[in-house]
Structures are given as structure tokens and as C-alpha cells.
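Chain by chain, the residues:
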Amino acid sequence: MADLLSDSFLTSRLDAALGWARKFSIFQYPFVTACCGMEYMATACSHYDVDRFGAGLPRFSPRQADVLFVVGTISHKMAPVLKRIHDQMAEPKWVVAFGVCTCTGGFYDNYATVMGIDTIMPVDVYIPGCPPRPEMVLDGLMKLQNKIQDQHTHGRRPAPEARPAGFDV
Amino acid sequence: MTNSSLIELVAGRFPQAVLASHTYRGDETVALRPDSLLAVARFLKEDPALRMNFLMDLTAVDYSAFGKSPAPAFFASSGVAVSPSAEIPDENPWRGPPSKARFAVVYHFFSLEHKHRLRLVVPIEEACAELDSLTSLWAGAGWLEREVWDMFGIRFRGHPDLRRILMYKEFEGHPLRKDYPVNKRQPLIGPVN
């Protein structure tokens, strides 16, 4: 009986409505550490106008934010701070890796740099580029919206995927 | 005052301390014995003809890999000159590392009063990688010396607070030493990747 009800008409419509509401009211926490911040500001301001996607109000408290934008290179010294910010955000929450440094470490291959923030936290959308164009950011934002729209039925987000074996740099 | 007199001033006052000197396009450099650093620095700051009241930079060089590999191919093929143009005479050129010592600590001084600059190079051996601190003369030397300690592992006698400044205290080793593995990472959280 529970299996029959789980896909019933009313539940799916409610979840769809919730997902629709959530994806157009993204409160972002911009964790800006480096030069990508300039491109983030360009995207957020009126010329590209991230508010068209309902993401116009950055919240500078992780407890009020839905999406963590990690914008710029993350060093090993900074990594525990970033992890703590992520832990402080309330569910449901999403993470966007903005710029190639946050995706993979970028061209930094040294003692100081975290080789991609997905080594310390789950990431939903990767926006590569050094820095990414505002169009790429908006594309990533729309992909995130699709994810938010679809993810509602799963409840809590699944655990991050383990890195493949033999991935050592 | 002509620039060439700066080297002469230092060499005339401290003939035993000066190991070498050279000039490049009017920028002068004096290589010093480590034990005379503090006396020379005080002279640079307090002598009325010098008045070096601004310590612009303080850094170090690890010469342990110097000359052991050829210049990167990029520079050879890019058309960027890797050596000074021969058209402009260089009367007192650089003759390579100041000594056989592994490290050299480099000080850049500027006089806001006289508008002249002088670079001091102090070679020190790895076994006794310790120098006198200049914090008693230039308070700004404090953080720069902490950076040199952090990156190169060179200690400074008399520094009030010689801690790491860029890396975290759990970090082991000194990353700008040439024998620090280029890919070695010491993450605080997450995998060693």
C-alpha cells in the first residue's frame, strides 16, 4: 500500500510545487576568496542580473543560505573554515564550485592549494573557467535550478560519491 | 650623490664585512658577512649620508639547485631576453651566487630622504641558518622575517615572535626550500591528494 501511495498524484504535485518555489528563491552564501569574485560580482549586478533567477539576495550568514558559492582558490589553511561554513548551513543545501580552482585546484599544483573542494565537501554544480564568463555562471545556475527542481523527491541529499581509486595526483 | 658612492660608503666603513658588490643599471648590491649584518644595518639607517629609513623587502634565496638545470625552454623560445642587452654597458656585473653557502637573505633598503636604494645580500650556510633580526631597527622587519622563517627555515636572533606567518602551525618543513617535494601536501582536513 505504501508503495502505491508513494507515487500518488497529490504527493508528486506538492513536491513539484516545493521544488519550483525553492529553485526561484535561492539565497546564496558567496564564499569569495580570489579573483573569481570579480566575475561573480559582474554576474550578480544588473547587467547580467542574477535576480532574474531568484538568486539576487546573497545572505552573509550560512544559517540563512541555501546555496554555498565557493568562488576562488581554497588553500589548505582555509579548508577547515570552508568546511565549517558548509556544516553550519541548514538542509536542504547545495554547493556550487565557481571557477577552475575550486573544481580541481586549477593551475595550482603545490603545497598550499586544495585540489578541488569536492575532496572536502559534496559539490552539486561545477562551473569551470578562469574565471568563468557570466554566461557560464548563469548556465550553471540554471543547471542548479533543474537539480533543485528534481531533487525534492529524494529528501536529504545523498552522500558524496567516493573518489575513484587510483586518483592520486 | 651618485649611486656608485653607496657601495664605497659601506665598504669604506666596514672593509672586513663586504664580501662582494655589483651594480646593475644603477641598482647597487653589497654582499655581507652574516656576523656584521646588524652593525651595517644600523649604519645604513643612522648615517646622515645614507638614512635608509624604509626596509622595502626582506626575502631569501635557496641556491641549492642553482645552475643545475638549464633555463626553461619557454624563455629561450619566447624571444624574451634572459640576459641583459649587450648594447648597454654593464660595468660591474653580477658574478653569480655570493658564496658557496646554500641560502642568501636579501634586504632591500630605500631612503625616502635621499631617494636612493641599496640591496644587501647575506649568504648563510644551512647548518647555521640564523641571522640577527632587524626588528630593533625597522619594526616592519617582523612579519618579513616570519615569512622567511616560514618559507625557508632561517631563524632570526632577537625576533620577538618568530612564528609561521603564512602556513599553519601543523605544517612541517619549509615549502620554498628546493628540497621540499613540489607535490607534497599536508592538508588539515580531507585526503592527502
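Residues numbered from 1 in each chain as written. Chains lettered and ligands numbered in written order. Predicted model: local features only at pLDDT ≥ 70, side-chain atom pairs only at ≥ 80, totals over all residues.

The next subject is the overall build of chain A. When helices and strands are tallied, chain A shows 6 helices and 4 strands. The helix and strand sequence of chain A, counted from the amino end, reads α-α-β-α-β-α-β-α-β-α. Counting every position in chain A, which comprises 169 residues, the buried fraction comes to 34%. Sequence separation of 24 or more characterises 80% of the internal contacts of chain A that already satisfy a separation of 6 or more. (Helix = DSSP H or I, 4+ residues; strand = E, 2+ residues; numbered from the N terminus. Buried ≥ 20, exposed ≤ 12 C-beta atoms within 10 Å, placed from the backbone. Contact = placed C-beta atoms within 7 Å.)

So, about helix α3 (residues 36-44) of chain A. Those residues of α3 of chain A that sit buried are Cys36, Glu39, Tyr40, Thr43 and Ala44 of chain A. Down the axis, α3 of chain A shows its buried residues gathered within 140° of arc, on one side only. (Arc of directions from axis to C-beta.)

Attention now moves to the pairing of strand β5 (residues 116-124) of chain B. Consecutive side chains along a regular strand alternate between the two faces of the sheet. Residue and element names in this part refer to chain B. Of all the 9 residues making up β5, 7 are buried; the element is thus mostly covered by neighbouring parts of the structure. Here 3 bridges tie strand β2 (residues 27-32) to β5, and the two strands are oriented parallel to one another. Bridge pairing links Ala31 to Val121 in β5. Bridge count for strand β4 (residues 103-111) against β5 is 9 bridges, and the pairing is antiparallel. Bridge pairing in β5 links Val105 to Val122. (Pairing = 2+ DSSP bridges.)

In many reports, interface size means the accessible area that the parts give up when they come together. Listed by partner, the interface residues are 14 residues for chain A and 14 residues for chain B. Its residues placed into classes, the side of chain A that touches chain B shows 7 nonpolar, 3 polar and 4 charged. (Nonpolar A, V, L, I, M, F, W, Y, C, P; charged D, E, K, R; others polar.)

Turning our eyes to something else, we now look at the sheet that holds β2 of chain B. Residue and element names in this part refer to chain B. Taken in spatial order, the 5 strands line up as β1-β2-β5-β4-β3 in an open sheet, and their pairing is mixed. Strands with a single pairing partner mark the edges of an open sheet, and in this sheet they are β1 (18-24) and β3 (54-62). The average undirected angle you get between the axes of adjacent strands in this sheet is 20°. Inspection of the sheet shows β1 paired to β2 by 6 bridges, in the antiparallel sense. Within β2, the residue paired with Ser21 across the bridge is Val30. Sitting on the sheet, helix α2 (residues 37-46) is in contact with β2, β4 and β5, with an inclination near 175° to β5. Lying over the sheet, helix α4 (residues 141-152) contacts β3 and β4, oriented at roughly 10° with respect to β3. (Axes fitted to C-alpha atoms, helices over the stretch in contact; angles between N-to-C directions.)

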